[in-house]
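Per-entry structural report
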Amino acid sequence: MAERRVFAGPAVRKVRREAGMTQAAMAEALAISPSYLNLIEHGQRPLSATVIVKLAERFGFDAAKLGAEDLPGGIAGLRRRLADPRFADLGIGAQEVEEWLQSAPATAAAFARLFDAAPEGRAEAQGDAPEVAAVRRAIEKWRNHFPDLDARAEELADELRLAGGDLYGTISERLRTRHQLGIRILPSDVMPDRLRWLDWHARQLMLNELLRPASRTFQAAATLAQIEAKDEIDALVAGAEFAENAAARLFERHLIQYFAAALMMPYSRFLRACDATGYDLLLLQRRFGAGFEQVAHRLTTLQRVGARGLPFFMLRIDRAGQGSKRYAGASQSPLVDGDARCPLWGVHDAFARPGEVVADLVELEDGSRWFTQSRSVAAPGATGSGTPARFAVCVGVDAKIAAALIAARGIDLMRSPATPIGLGCRRCTRNGCVQRSMPPLGRPLRFREGERGVSAFDFAGD
């Protein structure tokens, strides 16, 4: 089969403009003629393998994700939108979607915005409040990797490491000596509804006694982020240009927490540990004194140019299956979209198996396979009724590249039986599912007199 040619004129032009270069200057950097670059930018010549490699080395260009950075969910997100029943009669194939994204990424992004704004497609109809949806788009635009924050956190982590081996102790000392802030651990009945409280008037950071050691370090690191990474965080928030102040504050909180995690798990050291351990989640926890959820989130951020980790996604759900954290990272996984989860997915089993990492190989309707690992975690404190809050945290990666994981060793990831799942009953068109709770959108129900199938809903188009 002939190799598919890659036309990426708009993407290359965007890279050049962001670098502030003329065509002549970029052509010189790529060792090609300005006229050839001009033809590439106007879609009249495909990218050669040599040019793709040079673009990747010099500018961090990723041909596999052309145009995806401007779309929530990337290529997979665009496919999901076009799989809507309203477009079923058009027969739009996966290759056609990819060609559209490569040749005209701006128009694809415009379509995505219009689709998401429509009542049937907008984010709040899929479970996201408008301000949360806006923050998700900002995070996904960066693929949840913020280079300036990572570099600043790594520099600070090295400085703190020289000061002592106990990170919590060195952060506490830095807050005390540089910022005149002391740390007090207060009883939970004094701070019943707060985990952290920074009182500038009293020059004290007060932490809830219910915080575990890893969470205590994380909250202290977050306070340091508010102070020492303020300029970098403010610049990112301003650049996002949110229409609502609530969205800006949510994004700011995400960046503060991002910095705190990067301080606890500095990029280079963490990536080396991932490679050396086969991404052993529990071992990474112990090595970096972090919680499972903190490690899971950190895995979605490893996209530094020239030093990329595996493209993980992360999802955190409650017992009802509602997602409170969803990061696609660079994975472009559709499993983080929407607020409905397939009950057949092993992420739900984590609640019944506390302390255990539940691995699952799943297959979606489009044939894509994902290797996921889930574990239940307990939140500090309790709900208003006194019931402890528990979540299931899941990380996953495309099965095609999951062989590097220690948890996947011995599994034939592309041939072994996989759990067939969908993206929630309303978007799943698998017929005959005994677990189905409602019919799929856009599929008329069928009723056959004298028959009762294994599913409560039988529909056309299987």
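Scroll up for the structure.
Read on for an overview of the structure. (Residues numbered from 1 in each chain as written. Predicted model: local features only at pLDDT ≥ 70, side-chain atom pairs only at ≥ 80, totals over all residues. Heavy atoms only, no water.)

1. Considering the sheet that holds strand 2 (residues 196-199)
Hydrogen bonds along the backbone pair up the strands of a sheet, which may run parallel or antiparallel. To be explicit about the condition: Pairing between two strands is assigned when DSSP locates at least 2 bridges connecting them. Helix and strand definitions follow DSSP, with helices as H or I runs of at least four residues and strands as E runs of at least two, each counted in order from the N terminus. Only the contacting stretch of a helix is used when fitting its axis, a line to C-alpha atoms as for every element, and angles between N-to-C directions run 0 to 180 degrees. Residue contacts are defined here by distance: any two heavy atoms, one from each residue, within 4.5 Å place the two residues in contact.
Strands sit in the order 1-3-2 across an open sheet of three strands; the sheet is mixed. Both edges of this open sheet fall to strand 1 (182-186) and strand 2, since each of them pairs with a single strand only. Geometrically, the sheet is characterised by an average inter-axis angle of 20° between neighbouring strands, direction not taken into account. When strand 1 meets strand 3 (residues 204-208), the two strands line up parallel, connected through five bridges. In the sheet register, Gly182 faces strand 3, and the bridge partner there is Gln204. On top of the sheet, helix 10 (residues 167-179) reaches strand 1 and strand 3; it is set at about 125° to strand 1, its chief contact. With respect to the sheet, helix 11 (residues 213-228) is in contact with strand 1, strand 2 and strand 3, its orientation differing from that of strand 2 by roughly 35°.

2. Examining the pattern of salt bridges
To be explicit about the condition: Here, a salt bridge means any side-chain nitrogen of Lys or Arg that lies within 4 Å of a carboxyl oxygen of Asp or Glu.
Within this structure, the stated rule accounts for 18 salt bridges. The salt bridge partner of Glu154 is Arg304, with a shortest N-O separation of 2.9 Å. Here Glu154, found in helix 9 (residues 147-163), pairs with Arg304, found in strand 4 (residues 303-304); they are 150 residues apart in sequence, far enough to count as distant. Between Glu159 and Arg174 there is a salt bridge, with the nearest N and O atoms lying 3.0 Å from each other.

3. Digging into the packing of aromatic side chains
In plain terms, the rule: The criterion for an aromatic pair is that two Phe, Tyr or Trp rings (for Trp, the six-membered ring) have centres within 6.5 Å, with stacked assigned to planes under 30 degrees apart, edge-to-face to planes over 60 apart and tilted to the rest. Remark: exposure states derive from per-residue accessible area (1.4 Å probe, protein chains only) relative to the maximum for the residue type, with buried under 20%, exposed over 50%, and partly exposed in between. We count a charge as sitting over a ring when the NZ of a lysine or the CZ of an arginine lies within 6 Å of the ring centre and within 35 degrees of the ring normal.
Across all of its chains, the model carries eight aromatic pairs by this definition. Geometrically, the ring pair formed by Phe111 and Phe115 is tilted, given 6.0 Å between the ring centres and 45° between the ring planes. Here Phe115 and Phe111 lie together in helix 7 (residues 105-117), a separation of four residues that amounts to about one turn. Judged by relative accessible area, which is 17%, Phe111 ranks as buried. Aromatic rings pair up to connect Trp142, Phe146, Phe242, Phe251 and Tyr258 into one cluster. The ring of Trp197 carries the charged tip of Arg194 above its face, separated from the ring centre by 4.5 Å. Sitting over the ring of Phe391, Arg316 keeps its end group 4.2 Å from the ring centre.

4. Notes on the environment of Ala56
Note that Ala56 resides in helix 4 (residues 49-59). Judged by its relative accessible area of 30%, Ala56 is partly exposed. The sequence separation of Ala56 and Val305 amounts to 249 residues, and the corresponding C-alpha distance is 8.3 Å. Apart from residues lying up to four places away in sequence, Ala56 is in contact with Phe61 and Val305.

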